[in-house]
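For reference, the chains in residue letters:
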There are 2 protein chains.
Amino acid sequence: MIFSLYQMEGMKPHTIVYIAQSLDGYIADSDGNIDWLEAIPNPNGDMMGYDVLMQDVDAIIMGRGTYETVLAFDIDWPYQIPVYVLSSKLKTVPEHLSSKVFLLNGKLDFILSTLSKKGYQGLYIDGGKTIQSFLAEDLIDELRITTLPILLGGGSSLFGTLENRLAWDHVTTSVYLDQLVQSHYRRKRES
Amino acid sequence: MIFSLYQMEGMKPHTIVYIAQSLDGYIADSDGNIDWLEAIPNPNGDMMGYDVLMQDVDAIIMGRGTYETVLAFDIDWPYQIPVYVLSSKLKTVPEHLSSKVFLLNGKLDFILSTLSKKGYQGLYIDGGKTIQSFLAEDLIDELRITTLPILLGGGSSLFGTLENRLAWDHVTTSVYLDQLVQSHYRRKRES
């Protein structure tokens, strides 16, 4: 068996969370609504760091929930890079997505080493449950969180419970559309 | 009965929350610890907006929990302006604080109109439960929230549940000590 240089060096792809939350830390309200994400007018189509993110990743990992939500939007498939959907339930993807969407199943470190062997260097980790499970195993390298100026008062939390504290280094903060505060954090690990 | 101009105009004091939270929205960890608030070195004693806050308020409202926590620090009383402690349980304050600490009890709008009649114009609302109860009645005008780069994974949440969404206007965001992100929001009310 021949190991790639990547694998020999034990390199894992760089994992990045890019997501929007309410001021009280929800990614959807109690009814699952995300209409509030569009509440701030964006007349000039500011990409709010999404374009930069797309330069920094070469694949996306999302949970089944997020994948099915995107499918239900009934729009053209919005991603230009491969999407890996974590699911033990799904067995197939629609024919027209067969070169764009791939199903994965298993422990997260196995999934990361599988994607590492495929040569991916940057992974966009998306979806509430998926983000929480990666964080629970301390497998996120970078957080890019956009906070919207609204208190929802309830809903689905971005962050879940953790066994241990996770410390981060603040990298940069930008304000978009005068209203959205996006902060980037890099995981602070003992070297 | 003579009404002050303030009262006649129905003016309520401007209420400001100034507080620090973890990246996952906690103000204390699961054991009530706030040691992580001091994790970022502050060699030059940056006031991180506290000095500005003190120019904007002329009294403090806090709950019994916060008051007793401050008392337990066993330091000189740290506030230069009057502190109103919300409690139905406490009946007296220590002799040496009798000109600095005052007990209040009752509905929040009664408390605000009481303090309005005393001429206060800016109130610093402090303490988790107190903040949540003011927000639940939409009685907060301004939020000044400092986020620290740590995921605690559990603890006491800054924000509680709300019956209705509350929209805010982002006013300004500053980064302190390269690590702490402080955003100011003003309540967006229909005029």
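Residues numbered from 1 in each chain as written. Chains lettered and ligands numbered in written order. Predicted model: local features only at pLDDT ≥ 70, side-chain atom pairs only at ≥ 80, totals over all residues. Heavy atoms only, no water.

A few points about the pairing of strand 4 (residues 83-86) of chain A
All names here are of chain A. To be explicit about the condition: For each residue, the accessible area found with a 1.4 Å probe, counting protein chains only, is set against the maximum for its type, and the residue is called buried under 20%, exposed over 50%, and partly exposed in between. Helix numbering and strand numbering both begin at the N terminus, where a helix is a DSSP run of H or I of at least 4 residues and a strand a DSSP run of E of at least 2. Here, a strand pair is defined by DSSP locating no fewer than two bridges between the strands.
Neither face of strand 4 is left uncovered, since the one carrying Val83 and Val85 and the one carrying Tyr84 and Leu86 both have all their residues buried. One ladder, built from 4 bridges, connects strand 3 (residues 59-63) with strand 4; its direction is parallel. In the strand pairing of strand 4, Ile61 is matched with Tyr84. Sheet topology note: the strand 4/strand 5 (residues 101-104) ladder contains 4 bridges and is parallel. By the bridge assignment for strand 5, Leu86 is matched with Leu104.

What about the relation of the copies chain B and chain A?
For clarity, the cut-off: A residue counts toward the fit only if its pLDDT is at least 70 in both copies, and the copies are then superposed by least squares on the C-alpha atoms of those residues. Note on definitions: a residue-residue contact is assigned when non-hydrogen atoms from the two residues lie within 4.5 Å.
Least-squares fitting of chain B to chain A yields an RMSD of 0.0 Å, with the superposition described by an axial translation of 0.0 Å and a rotation of 180°. Such a combination of turn and shift is consistent with a two-fold rotation axis. Taking the C-alpha atom as reference, chain B places B:Gly25 closest to the rotation axis, 3.4 Å from it. By residue overlap, the copies meet face to face through one surface: 100% of the interface positions of chain B are interface positions in chain A.

Section: the interface of chain B and chain A
Rule in force here: Values labelled buried area give the accessible surface lost by two parts on being combined, using a 1.4 Å probe and summing over both. Each reported salt bridge corresponds to a side-chain nitrogen of Lys or Arg within 4 Å of a carboxyl oxygen of Asp or Glu. Polar contacts, as counted here, are pairs of nitrogen or oxygen atoms within 3.5 Å of one another; within protein the pair requires one atom able to donate a hydrogen and one able to accept it, and residues that are adjacent in sequence qualify only if both atoms are side-chain atoms.
In this assembly, 32 residues from chain B lie in contact with 32 residues from chain A. In this assembly, chain B packs against chain A so that about 2,600 Å² is buried in total across both faces, 57% of it on carbon and sulfur atoms. Its largest share of buried area at the contact with chain A, chain B owes to B:Leu23, B:Leu151 and B:Arg165, together 27% of the area lost on that side. Linking chain B with chain A are 4 salt bridges, by the criterion used here. The shortest N-O distance in the salt bridge between A:Asp29 and B:Arg165 comes to 2.8 Å. Summed over the shared surface of chain B and chain A, the result is 16 residue pairs in polar contact (both at pLDDT 80 or more). Of all the secondary structure elements, the ones that give two or more residues to the side of chain B that touches chain A are strand 7 (142-148), strand 8 (150-151), strand 10 (166-176) and strand 11 (180-187) of chain B.

Considerations on the sheet that holds strand 1 (residues 14-22) of chain B
Worth spelling out the cut-off: Helix axes are fitted only over the stretch in contact, all axes being lines through C-alpha atoms; the angle between N-to-C directions runs from 0 to 180 degrees.
What the 9 strands build is an open sheet, ordered 8(A)-10(B)-11(B)-7(B)-1(B)-6(B)-3(B)-4(B)-5(B); its pairing is mixed. Lying at the two open borders of the sheet, with one neighbouring strand each, are strand 8 (150-151) of chain A together with strand 5 (101-104) of chain B. With 4 bridges connecting them, strand 3 (residues 59-63) of chain B and strand 6 (residues 122-126) of chain B associate as parallel partners. Bridging from a neighbouring strand, B:Met62 pairs with B:Asp126 of strand 6 of chain B. Across the sheet, helix 3 (residues 64-72) of chain B lies against strand 3, strand 4 (83-86), strand 5 and strand 6 of chain B, angled at about 100° from strand 3 of chain B, the strand it touches most.

Focus on the confidence of the model for chain A
Residue and element names in this part refer to chain A. The cut-off we apply is this: What pLDDT conveys is the predictor's confidence in a given residue, as a value from 0 to 100.
Within chain A, residue pLDDT values average 93, and 94% of them lie at 70 or more. Scored below 50 in pLDDT, residues 1-8 makes 6 contacts in the model with residues more than four places away or belonging to other chains. The complex prediction reports pTM at 0.93, with the ipTM value standing at 0.93.

Brief notes about helix 5 (residues 128-136) of chain B
All names here are of chain B. Applied cut-off: Directions from the helix axis toward the C-beta atoms define the arc.
All of the buried residues along helix 5 are Gly128, Thr130, Ile131, Phe134 and Leu135. An end-on view of helix 5 places all buried positions within 170° of arc, on one side of the element. When the buried face of helix 5 is taken as reference, the exposed residues oriented beyond 90 degrees from it are Lys129 and Ala136. Note on helix 5: the residue one or two positions beyond its end, Asp138, has a positive phi of about 55°.

Side note on the nonpolar core
Stated formally: To qualify as a nonpolar core, a set must consist of buried Ala, Val, Leu, Ile, Met, Phe, Trp, Tyr and Cys residues joined through side-chain atoms within 4.5 Å.
Membership of the largest hydrophobic core comes to 62 residues, with the highest contact counts inside it found for A:Ile61 and B:Ile61. Here B:Ile61 is in contact with B:Tyr84, B:Leu86, B:Ile111, B:Leu112, B:Leu115, B:Leu123, B:Tyr124, B:Ile125, B:Asp126, B:Thr130 and B:Phe134, once residues within four sequence places are set aside. B:Ile16, B:Val70, B:Leu97 and B:Leu152 belong to the second-largest nonpolar core, a separate cluster that totals 27 residues.

Considering the pairing of strand 7 (residues 142-148) of chain A
Residue and element names in this part refer to chain A. Of all 7 residues in strand 7, 7 are buried; the element is thus mostly enclosed. Of the two faces of strand 7, both are covered, the one formed by Glu142, Arg144, Thr146 and Leu148 as well as the one formed by Leu143, Ile145 and Thr147. Direction of pairing for strand 1 (residues 14-22) relative to strand 7: parallel, over a ladder of 7 bridges. Counted as the bridge partner of Ile16 is Glu142 from strand 7. As paired elements, strand 7 and strand 11 (residues 180-187) share 6 bridges and run antiparallel to each other. Note on strand 11: the bridge partner recorded for Thr147 is Val181.

Considerations on the pattern of salt bridges
All names here are of chain A. Enumeration according to the criterion identifies 16 salt bridges over all chains in this entry. Glu142 is the salt-bridge partner of Arg144, the closest N and O atoms lying 2.9 Å from each other. The pair formed by Arg144 and Glu142 is uniform in burial state, with each residue classed as buried. Among the charged side chains, a salt-bridge network with shared partners connects Asp138, Asp141, Arg187 and Arg189.

Quick look at the packing of aromatic side chains
All names here are of chain A. Operational definition: Here a Phe, Tyr or Trp ring, Trp counted by its six-membered ring, pairs with any other such ring whose centre lies within 6.5 Å, and the pair is stacked when the planes are under 30 degrees apart, edge-to-face when over 60, and tilted otherwise. Placement of a positive charge over a ring is assigned whenever Lys NZ or Arg CZ falls within 6 Å of the ring centre and within 35 degrees of the normal to the ring plane.
Here the structure, examined in full by the defined rule, presents 14 aromatic pairs over all chains. Taking 6.4 Å as the distance between ring centres and 80° as the angle between the ring planes, the aromatic pair formed by Tyr50 and Tyr124 counts as edge-to-face. Note that Tyr50 is positioned in helix 2 (residues 50-56) and Tyr124 in strand 6 (residues 122-126), a separation of 74 residues in sequence. Residue class for Tyr50 comes out partly exposed when judged on its relative accessible area of 23%. The structure contains a cluster of three or more aromatic residues connected by ring pairs, namely Tyr18, Tyr50 and Tyr124. If you follow Arg187 out to its NZ or CZ, it ends over the ring of Trp168, 6.0 Å from the centre.

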